[in-house]
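Take a look at the letters that make up each chain.
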Amino acid sequence: MPGRRTPPGLTVQLERIVVVGHGIAGLTASDSLRAAGFDGELTIVGDEHHAPYSRPALSKAALLDAEEMTSHQLPASTHEARELLGVRALQLDPGLKSVVLDDGSILPYDGLVVATGSRARRLASADPAARRHELTLRTLEDALELRRRIVDKPSVVVVGGGALGMEIASGCLAAGCDVTLASHRQPMAQQLGRYLSEVFLAAGLDHGLRLAPSQAVGLREADGHPLVELADGSRLAADLVVSAIGDIPNTGWLADSGILTNGRLEVDSRSRVRPDIVAAGDVAAFPTARGVGRIPLWTSAIEQSKTAALALLNGDDAPELEFRPYFWTEQFGLSLKASGFLPLEGTPEFLEGGPGGGPALMRWTHQDSSGTAVALNYRIPIPKLRRLANPAPALVETPALVETPA
Amino acid sequence: MEIILDRPRCEGHGLCEEVAPQLMHLDDDGELVLDVVHVDEGQLEAAKQAARVCPVAALRLA
Ligand SMILES: Cc1cc2nc3c(=O)[nH]c(=O)nc-3n(C[C@H](O)[C@H](O)[C@H](O)COP(=O)(O)OP(=O)(O)OC[C@H]3O[C@@H](n4cnc5c(N)ncnc54)[C@H](O)[C@@H]3O)c2cc1C
Ligand code: SF4
């Protein structure tokens, strides 16, 4: 019978699982449900029209792919779920255990995976005419549009000095555009800390990047061209504006559901919102050693989704999320991998190489004695990088910080 | 099933090795080496996960 439950304490019997969101989180959760033996009805609802793809590739290789863009493609799925693509979830009723879709249908579930990700934040603009000049980079369509627009080598203002803004700036420069980056913080400082941000900024300037060290506060149009308004009162003119100023979790469809906490979708250490609802990926705020928050990154989404799938099937018997931060970026000829919490304060200890932008293996030790290992233009297996981050066996005990008291 | 590596695509992230160390590893130069090419039933799930985690889809199964 649909909705049949076994007595409390035992594993819940689920017959219908609905996954909302068809990005890497929804895909991984679906694969993981199948791998764990769930052979009931699995339905995936996703408002994008295509199969899941790799978003990280969109701001890296995909901007540079010669003829056709292929770097974003992922291998075909094997979960054999019913996929409702191009369909959006509008509302959740956790009492009735159903999801209302924008095609008018209602999907009942025994178990629900929320994996609706996030969307790009845009600049505030009082001028509707100016909006058409502002691109963001989140979806495949965004990437195709950006590729189309940079073919003619326009002048570009990239707004936002995070990893995404810097990768976009790097891609646009490589395509032959004239690029100015507007960022009130030193680029990459918020993500990586002062030391590494200097290295990235130097590489950027070296590649011809111009920096406007002020916050973009608005966007206007003048003579058919966009004007970015800066907090210091000046304006930047360009042919094209690309904003990379953060992401907003897609929780709108959950607004009336009662499962949000202060507007956030918070999950426990097993990615559960409640026993029959789990959430994973960019949409979810989860407990980490540094508090409850979203960590909108690729491996974070994958690890959360695996945890979420098992928790939905096995409840408290499922393993808790063992979140191990991993970050990488490629820009201006630099390739960085980092294992451990970011940003990084102070200067590193050099395990290989030395200061400057050359190949190096570095380590920072945090106050709680955990560490972060960083490989810069240095090929190294991730398991090895992780071991360098936390070499001492004593440090295995630090996850105690993550555990929420029962 | 066979694991196929599109070598020019591989960026040496090693995320695949992390989920399937029994099937592949990065060598000292950071080049990915497939230790197992023909995967059996018992290795299939690990192979699938490795292909899935790669952010540039350099691995596939056929
Ligand atoms: C350009 C770019 C570069 C990146 N680079 C890196 C990187 O180098 N390293 C790294 O670690 N991370 C990177 N990231 C972040 C990483 O890609 C994300 O963390 C990851 O893709 C999140 O996956 P997700 O499945 O949680 O969310 P998403 O991929 O956003 O998937 C959610 C899906 O749900 C759909 N959806 C939303 N609302 C609804 C609804 N109501 N009904 C139905 N469907 C809905 C969305 O359209 C989307 O398809 C990058 C992101 C971008 C955009
Ligand atoms: S995860 Fe992909 S890019 Fe990274 S080493 Fe494996 S195959 Fe290569």
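Residues numbered from 1 in each chain as written. Chains lettered and ligands numbered in written order. Predicted model: local features only at pLDDT ≥ 70, side-chain atom pairs only at ≥ 80, totals over all residues. Heavy atoms only, no water.

Caption draft 1: Spotlight on the site of ligand 1. All names here are of chain A. Of all residues adjacent to ligand 1, which total 32 residues, the nearest are Asp47, Glu48, Arg55, Lys60 and Arg138. Contact distances for ligand 1 include 2.6 Å between an oxygen atom and a side-chain N or O atom of Arg55. Arg138 is positioned with one of its side-chain polar atoms (N or O) 2.7 Å from an oxygen atom of ligand 1. In isolation ligand 1 offers 1000 Å² of accessible surface; the protein chains occlude 94% of this area. Secondary structure elements with two or more residues in the shell around ligand 1: α1 (24-35), β2 (41-46) and α2 (55-58). Within the shell around ligand 1, the residues separate by chemical class into 15 nonpolar, 10 polar and 7 charged. Summarising the domain contributions, the shell around ligand 1 has at least three residues from each of domain 1 (2-119 + 248-317) and domain 2 (128-245). (Near = heavy atom within 4 Å. Polar contact = N/O pair within 3.5 Å; in protein donor to acceptor, adjacent residues only side chain to side chain. Areas by Shrake-Rupley, 256 points an atom, 1.4 Å probe, with all protein chains shown as cover. Helix = DSSP H or I, 4+ residues; strand = E, 2+ residues; numbered from the N terminus. Nonpolar A, V, L, I, M, F, W, Y, C, P; charged D, E, K, R; others polar. Domains from an automatic or database assignment.)

Caption draft 2: Representation of the interface of chain A and chain B in the model. Contacts between the two partners involve 32 residues from chain A and, on the opposite side, 25 residues from chain B. Between chain A and chain B the total buried area reaches about 2100 Å² when both faces are included, carbon and sulfur atoms providing 51% of it. Of the charged contacts in the structure, one is a salt bridge between Glu18(B) and Arg386(A), with a shortest N-O distance of 2.4 Å. Run the count over chain A and chain B and you get 6 residue pairs in polar contact (both at pLDDT 80 or more). In terms of residues, the side of chain A that touches chain B owes the most to one element, α1(A), which gives 5 residues. A class-by-class count of the residues in the side of chain A that touches chain B yields 16 nonpolar, 9 polar and 7 charged. (Contact = heavy atoms within 4.5 Å. Buried area = accessible area lost by both parts, 1.4 Å probe. Salt bridge = Lys/Arg side-chain N within 4 Å of Asp/Glu carboxyl O.)

Caption draft 3: Examining the domain arrangement of chain A more closely. Residue and element names in this part refer to chain A. We note that the domain assignment places domain 1 (2-119 + 248-317), domain 2 (128-245) and domain 3 (333-395) within chain A. Put simply, the middle of domain 1 and the middle of domain 3, counted by C-alpha atoms, are 32 Å apart. On the side of domain 3, 5 residues touch domain 1, which itself brings 4 residues to the contact. Roughly 330 Å² is buried in total at the junction of domain 1 and domain 3, and carbon and sulfur atoms are behind 52% of that figure. Remark: the boundary between domain 1 and domain 3 carries 2 salt bridges. Linking Arg290 and Asp368 is a salt bridge whose minimum nitrogen-to-oxygen distance equals 3.5 Å. Linking domain 1 with domain 3 are 0 residue pairs in polar contact (both at pLDDT 80 or more). Its residues placed into classes, the side of domain 1 that touches domain 3 shows 1 nonpolar, 1 polar and 2 charged.

Caption draft 4: Spatial organisation of the packing of aromatic side chains. Residue and element names in this part refer to chain A. What the rule picks out here adds up to 5 aromatic pairs over all chains. With a centroid separation of 6.0 Å and an interplanar angle of 65 degrees, the aromatic rings of Tyr195 and Trp364 are classed as edge-to-face. Here Tyr195 is found in helix α8 (residues 194-206), whereas its partner Trp364 is found in strand β26 (residues 360-365), with 169 residues between them in sequence. Comparing Tyr195 with Trp364 shows no difference in burial state: the two are buried. Put simply, the rings of Tyr195, Phe350 and Trp364 pair up and form one aromatic cluster. (Phe/Tyr/Trp six-rings, centres within 6.5 Å; stacked < 30°, edge-to-face > 60°. Buried < 20%, exposed > 50% of the residue type's maximum accessible area, 1.4 Å probe, protein only.)

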